[in-house]
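Coordinates in review
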Amino acid sequence: MFWVLLLLLAWATAGIACTRLCLAAVRAAAADADDHGSSRRHELTLYEAAFLSGGPHRVADLTMVSMARQRRLLLAHTGWATVVDPRGRDDMERSVIGAIGPGGQSRIAPVRDAAASADAVSGLADRLVDAGLAVPAGARTTVAAAVRQVQLASVAVLVLGAVALLVPAQPDMSRGLVALWFALPLALTLSCLAIARVEVHPYSRWASPAGQRLLGALTRRTAGGDDRTYLTTVAVRGVRAIGEPDLRAALSHRGQPWREPHIGGA
């Protein structure tokens, strides 16, 4: 009977997808349990908070904002960065200064990209991954991809069931009973999705559950109006948290590429 073959295919599709989701959830839960104790002893730096909140480009933004507030880097609202103090105080600042170049002035957008891809940020990412606070690059979408596969399996079961109902009815099997058989693998996929929605930890793009807990604790401890509080807010929320309109415009600038002005006669 043709519908039986379609039913077997539906069960295989649902079973493989749900198994993959269960394995991904178990691995994620195990990694989270292993890192839970060490994360409690870890105090996030501002650079680490920036990476866990927004990735490499957030680290570059935070570095430039910090230098600008100390008047060691000028960020114009037109989208230009000018070095005032060429002595970087850490690897991140030296990466920004190096990205600006020996001329001491450059567009902010390419500086941001270059600083975000510098060795200093890569090393920071590796340390956070080793500490269990950041999601490894290859695993950022593991659970999410498994959930999507179960969702696709649900659709596939529905399609296979519809095809089975469209074939000529068998004398010994009613259409209602055929539909009931296909409802079983559909119930399996929908149950897995419901359980995953409740039980599986929500991963951000950058921070693991342990990293998200530390970010939450850091945000709750942030109080007052000092410079560190300001920079912590920028690290967690990004450019939109910058209070100075000109500085916010500088880091948000998306103007036309700059061209060398023509000087001299015709």
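This text goes with the structure placed above it.
Report on the accompanying structure. (Residues numbered from 1 in each chain as written. Predicted model: local features only at pLDDT ≥ 70, side-chain atom pairs only at ≥ 80, totals over all residues. Heavy atoms only, no water.)

Counting its secondary structure elements, the protein contains 11 helices and 3 strands. Mapped from its N terminus to its C terminus, the protein presents α and β elements in the order α-α-α-β-β-α-β-α-α-α-α-α-α-α. Taken over 266 residues, the protein has a buried fraction of 41%. Within the protein, counting contacts between residues at least 6 apart in sequence, those at least 24 apart form 72% of the total. (Helix = DSSP H or I, 4+ residues; strand = E, 2+ residues; numbered from the N terminus. Buried < 20%, exposed > 50% of the residue type's maximum accessible area, 1.4 Å probe, protein only. Contact = heavy atoms within 4.5 Å.)

Turning to the environment of Asp119, a few remarks are in order. Among the secondary structure elements, Asp119 is positioned in helix H6 (residues 119-130). Taking relative accessible area as the criterion, Asp119 reaches 69% and is therefore assigned exposed. Residues Asp119 and Met92 lie 27 residues apart in sequence; the distance between their C-alpha atoms is 9.1 Å.

As a further point, take the nonpolar core. Of all hydrophobic cores here, the largest spans 47 residues; its most connected members are Phe51, Leu52, Leu73 and Leu75. Here the element with the most residues in this core is helix H3 (residues 56-69); it accounts for 7 residues. Ranked by size, the runner-up nonpolar core spans 12 residues in total, among them Ala14, Val157, Val178 and Phe182. (Core = buried A, V, L, I, M, F, W, Y, C linked by side-chain atoms within 4.5 Å.)

Remark on secondary structure: sheet strands pair via backbone hydrogen bonds, oriented parallel or antiparallel. Across the sheet, which stays open at both edges, the 3 strands sit in the order E1-E2-E3 with antiparallel pairing between neighbours. Only two strands of the sheet have a single partner each, and these edge strands are strand E1 (73-75) and strand E3 (105-107). Averaged over neighbouring strand pairs, the angle between their axes works out to 20 degrees when direction is ignored. Pairing of strand E2 (residues 80-83) with E3, which is carried by 3 bridges, proceeds in the antiparallel orientation. (Pairing = 2+ DSSP bridges. Axes fitted to C-alpha atoms, helices over the stretch in contact; angles between N-to-C directions.)

Bringing the packing of aromatic side chains into the picture now. Applying the stated criterion to the full structure yields 1 aromatic pair. Cation over ring: Arg69 sits above Tyr230, and NZ or CZ is 3.8 Å from the ring centre. (Phe/Tyr/Trp six-rings, centres within 6.5 Å; stacked < 30°, edge-to-face > 60°. Lys NZ or Arg CZ within 6 Å of the ring centre and 35° of its normal.)

Here we come to the packing of helix H4 (residues 91-100) against helix H5 (residues 108-116). Contact pair H4 / H5: the axes reach a minimum separation of 9 Å and the direction vectors enclose 135 degrees. Taken together, the axes of H4 and H5 are oblique relative to one another. In this structure, the crossing between H4 and H5 has a hand that is right-handed. Where H4 abuts H5, its residues Val96, Ala99 and Ile100 lie against Val111, Ala114 and Ala115. (Parallel < 35°, antiparallel > 145°, perpendicular 65-115°, else oblique. Left-handed = near helix turned anticlockwise from the far one by under 90°.)

A surface patch of nonpolar side chains, amounting to about 550 Å² of accessible area, comprises Phe2, Leu5, Leu8, Val155, Val159 and Val163. Those elements giving two or more residues to the nonpolar patch turn out to be helix H1 (2-40) and helix H7 (142-166). Within the element layout of this structure, Phe2 appears in helix H1. By relative accessible area, Phe2 is classed as partly exposed at 45%. (Patch = residues over 30% accessible without salt bridge, like charges linked within 9 Å, V, L, I, M, F, W, Y side chains within 5 Å. Areas by Shrake-Rupley, 256 points an atom, 1.4 Å probe, with all protein chains shown as cover. Salt bridge = Lys/Arg side-chain N within 4 Å of Asp/Glu carboxyl O.)

Moving on: H3. Between its terminal C-alpha atoms H3 stretches 20 Å, which fits the 20 Å expected from 14 residues at 1.5 Å a residue. Among the 14 residues in H3, 12 count as buried, and that is most of the element. Of all the residues in H3, the buried ones are Pro56, Arg58, Val59, Ala60, Asp61, Leu62, Thr63, Met64, Val65, Ser66, Met67 and Ala68. With its phi angle positive at about 60 degrees, Arg71 sits one or two positions after the end of H3. (Expected span 1.5 Å × (residues − 1).)

Between side chains of opposite charge, pairing is possible as soon as their charged atoms come close. Applying the stated criterion across every chain yields a total of 6 salt bridges. Between Arg112 and Asp61 there is a salt bridge, with its nearest N and O atoms 2.7 Å apart. Residue Arg112 is found in helix H5, and its partner Asp61 is found in helix H3; the two are separated by 51 residues along the sequence. Asp85 serves as the salt-bridge partner of Arg87, at 3.2 Å between the closest nitrogen and oxygen. When its relative accessible area of 14% is taken as the criterion, Asp85 is described as buried. Linked through salt bridges whose partners overlap, the residues forming this network are Arg69, Asp227 and Glu244.

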